[in-house]
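Residue-level structure breakdown
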Amino acid sequence: VQLQASGGGLVQPGGSLRLSCAASGRILTIDTMAWYRQAPGKQRELVASMTYRGRTNYVDSVRGRFTIARDNVKNTVSLEMNNLKPEDTAVYFCKADRVRIGLSFYDFWGQGTQVTVSS
């Protein structure tokens, strides 16, 4: 299983970016798909997650500005980021939790994509 993330870049404060992540491989289902971020010198934190049934969770600092969405058929997850702030600057990672492959479950991380918010 591979998770391929894309969509990062440089944007001015107040701007928008959309991150995408696609999971490929012999996947039956994915319980939760999520986005994490890690800023320099800080621990990786959960930004947003969505369960298979559509329940979402956001860190307080992005609630109302970021929107997570997923396609359970295509095994993709996206993160629409609006009104970006300099403190959103980080490497963003997608994660797939409890990926069912055969009779077993696994967690997978995608490679990071850099988001830089700066004027």
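Just so it is clear, the model here is predicted, and its values are computed rather than measured.

Parameters at a glance
Every chain's residues receive numbers from 1 upward, in the order its sequence appears when written. The model is predicted, so local features are restricted to residues of pLDDT at least 70 and side-chain atom pairs to those at 80 or more, both for listing and for counting; the totals for chains, interfaces and linings are taken over all residues. The side-chain numbers reported here are obtained from all heavy atoms of the structure, hydrogens and water having been left aside. Counting from the N terminus, the helices are DSSP H or I runs at least four residues long and the strands are E runs at least two residues long. C-alpha atoms define the radius of gyration, and 2.2 Å times the number of residues to the power 0.38 defines the globule rule. Here's how the labels work: a residue is buried when its accessible area is under 20% of the maximum for its type, exposed when over 50%, partly exposed in between, all with a 1.4 Å probe on protein chains only. Throughout, a residue-residue contact means that at least one pair of heavy atoms, one from each residue, lies within 4.5 Å. Lys and Arg are tallied as positive, Asp and Glu as negative. Neither His nor the chain termini are counted. Here the site of a charge means NZ on Lys, CZ on Arg, CG on Asp, or CD on Glu. A 3.5 Å cut-off defines polar contacts: any pair of N or O atoms within that distance qualifies, except that in protein one atom must be a possible hydrogen donor and the other a possible acceptor, and neighbouring residues in sequence count only when both atoms are side-chain atoms. For two strands to be treated as a pair, DSSP must find no fewer than two bridges joining them. Whenever a helix is involved, its axis is fitted only over the stretch in contact; in every case the axis is a line through C-alpha atoms, and angles between N-to-C directions fall within 0 to 180 degrees. Disulfides are defined as cysteine sulfur pairs within 2.5 Å.

The secondary structure content of the protein amounts to zero helices and 11 strands. Sequence-ordered secondary structure for the protein, helices as α and strands as β, is β-β-β-β-β-β-β-β-β-β-β. In terms of overall size, the protein behaves like a compact globule, its C-alpha atoms giving a radius of gyration of 14 Å where 119 residues would be expected to give roughly 14 Å. Dimensions of the protein along its principal axes, counting C-alpha atoms only, are 50 × 25 × 25 Å. Within the protein, the fraction of its 119 residues that count as buried is 40%. Expressed as a percentage of contacts within the protein between residues at least 6 apart in sequence, the contacts between residues at least 24 apart total 52%. Of the side-chain charges in the protein, 15 are positive and 9 negative, and the distance between the mean point of each set is 5 Å.

Mapped onto the elements, Arg63 comes out in the loop between strand 6 (56–58) and strand 7 (66–71). A sequence separation of 15 residues divides Arg63 from Ala48, and the C-alpha atoms of the two residues are 8.8 Å apart. With residues up to four places along the chain from it excluded, the contact list for Arg63 reads Asn57 and Tyr58. At a separation of 2.5 Å, a polar atom in the side chain of Arg63 contacts the main-chain carbonyl oxygen of Tyr58.

This part covers the environment of Ser78. Take Ser78: it is sitting in strand 8 (residues 76–81). Here the alpha-carbon distance between Ser78 and Ser24, two residues 54 residues apart in the chain, equals 15 Å. A polar contact of 3.5 Å, which involves the side chain of Ser78, links it to the side chain of Arg18.

Strands sit in the order 1-3-8-7 across an open sheet of four strands; the sheet is antiparallel. Of all the strands in the sheet, just strand 1 (2–6) and strand 7 have a single pairing partner and so form its edges. Put simply, the sheet's adjacent strands are angled 15° from each other on average, direction ignored. Two elements, strand 7 and strand 8, share six bridges in a ladder whose sense is antiparallel.

This next bit is on unusual backbone geometry. Positive phi, normally seen in glycine, also occurs at Asn83, with a value near 50°. Tracing the backbone shows Asn83 in the loop between strand 8 and strand 9 (90–101). Here Arg98, not a glycine, exhibits a phi torsion of approximately 55°, which is positive. On the accessibility criterion, Arg98 (43% relative accessible area) is partly exposed.

Glancing now at the state of the cysteines. In this structure the tally under the stated criterion is one disulfide. At a sulfur-sulfur separation of 2.1 Å, the disulfide partner of Cys21 is Cys94. Across the S-S bond linking Cys21 and Cys94, the dihedral sits near 55°, which makes this disulfide right-handed. Taken together, the residues span a long stretch of sequence, with Cys21 in strand 3 (residues 17–24) and Cys94 in strand 9 at a distance of 73 residues. Residue Cys21 is classed as buried on the basis of its relative accessible area, which comes to 2%.

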